[in-house]
Amino acid sequence: MLRDAEGATNERQRVQVQQDEDELQLATNEATFYNRHTTCLHLAGILAGFGVILFVFGSFHTKERLEAFLRLVDGHKSEGALAFVAVFSMSEVLFLPGSLLAVGAGAVFGLCTGVLLVWVGAAIGQSLAFFIGRYVSFA
């Protein structure tokens, strides 16, 4: 009689373990589906963003606008420095090439001031990109 009770207990434990393993497998399958789905959505969003950037660069006269911005900054040195840092930071966040802006900063502000402004703008832009990636784009 004691053996029958032990056998029944062992059988119940085996059934419980099997049920737990089945539930774990089901949860893993659901999580894998969710991760694949959200990854596809994020990839589609990134591709759409690059499409918009290419459209903007292809549709508008970017070179002329950049030259006009640098002339504006050249006319107003102190306010222009702040505007330049803000624009350079946003170009970092939006994956726009900053080399033209960096060369323009050297031409407009001089070597030392231009390097400092580019460095500050790049640091701010990279920090913004990190915080957007860390806290905004992934829940």
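Predicted, not measured: the structure shown is a model, and the values here were computed from it.

(A) Structural detail: helix α3 (residues 77-93). Helix length check: α3, at 17 residues, gives a terminal C-alpha distance of 24 Å against a target of 24 Å (1.5 Å per residue), a fit within 8%. Every buried residue of α3 is listed here: Gly80, Ala81, Phe84, Val85, Phe88, Ser89, Ser91 and Val93. Just downstream of α3 lies Phe95, where phi reads positive at about 60°.

(B) Up close: the side chain of Ser91. Within the fold, Ser91 resides in helix α3. Looking at Ser91, the relative accessible area reads 4%, which means it is buried. In contact with Ser91, not counting residues within four places along its chain, are Leu96 and Leu101.

(C) Local environment of the packing of α3 against helix α4 (residues 99-109). At a closest axis distance of 11 Å, the pairing of α3 and α4 adopts a crossing angle of 170°. Between α3 and α4, the interaxial angle falls into the category roughly antiparallel. Where α3 abuts α4, its residues Lys77, Gly80, Ala81, Phe84, Val87, Phe88 and Ser91 lie against Leu101, Ala102, Ala105, Val108 and Phe109. Tallied by class, the residues present in the contact of α3 with α4 amount to 9 nonpolar, 2 polar and 1 charged.

(D) Layout of the confidence of the model for the protein. Per-residue pLDDT for the protein has a mean of 76; in total, 68% of the residues score no lower than 70. At the low end of the mean pLDDT range in the protein sits helix α1 (residues 2-59), at 66; at the high end sits helix α5 (residues 111-136), at 90.

(E) Quick look at the side chain of Ser89. Within the secondary structure, Ser89 is located in helix α3. Of note is the side chain of Ser89, whose polar atom sits 3.0 Å from the backbone oxygen of Gly121.

(F) Region of the structure containing α4. Along α4, the positions that sit buried rather than exposed are Leu101, Gly104, Ala105, Val108 and Phe109. Looking straight down α4, one finds its buried side chains confined to an arc of 105°; they lie on one side. In α4, those exposed residues whose orientation departs by more than 90 degrees from the buried face are Leu100, Val103 and Ala107. Of the residues trailing α4, Gly110 is marked for its positive phi of about 95°.

(G) Representation of the packing of aromatic side chains in the model. Applying the stated criterion across every chain, the model contains 3 aromatic pairs. Both rings, one in Phe84 and one in Phe109, keep their centres 6.0 Å apart while their planes meet at 65°; by these two values the pair is edge-to-face. Separated by 25 residues along the polypeptide, Phe84 in helix α3 and Phe109 in helix α4 bring together distant segments of the chain. Overall, the relative accessible area of 0% leaves Phe84 in the buried class. With centroids separated by 5.4 Å and ring planes inclined at 70°, the aromatic side chains of Phe130 and Phe131 adopt a geometry described as edge-to-face. Within the aromatic cluster, the residues linked to one another by ring pairs are Phe84, Phe88 and Phe109.

Cut-off values and rules
Residues numbered from 1 in each chain as written. Predicted model: local features only at pLDDT ≥ 70, side-chain atom pairs only at ≥ 80, totals over all residues. Heavy atoms only, no water. Helix = DSSP H or I, 4+ residues; strand = E, 2+ residues; numbered from the N terminus. Expected span 1.5 Å × (residues − 1). Buried < 20%, exposed > 50% of the residue type's maximum accessible area, 1.4 Å probe, protein only. Contact = heavy atoms within 4.5 Å. Axes fitted to C-alpha atoms, helices over the stretch in contact; angles between N-to-C directions. Parallel < 35°, antiparallel > 145°, perpendicular 65-115°, else oblique. Nonpolar A, V, L, I, M, F, W, Y, C, P; charged D, E, K, R; others polar. pLDDT = per-residue confidence, 0-100. Polar contact = N/O pair within 3.5 Å; in protein donor to acceptor, adjacent residues only side chain to side chain. Arc of directions from axis to C-beta. Phe/Tyr/Trp six-rings, centres within 6.5 Å; stacked < 30°, edge-to-face > 60°.

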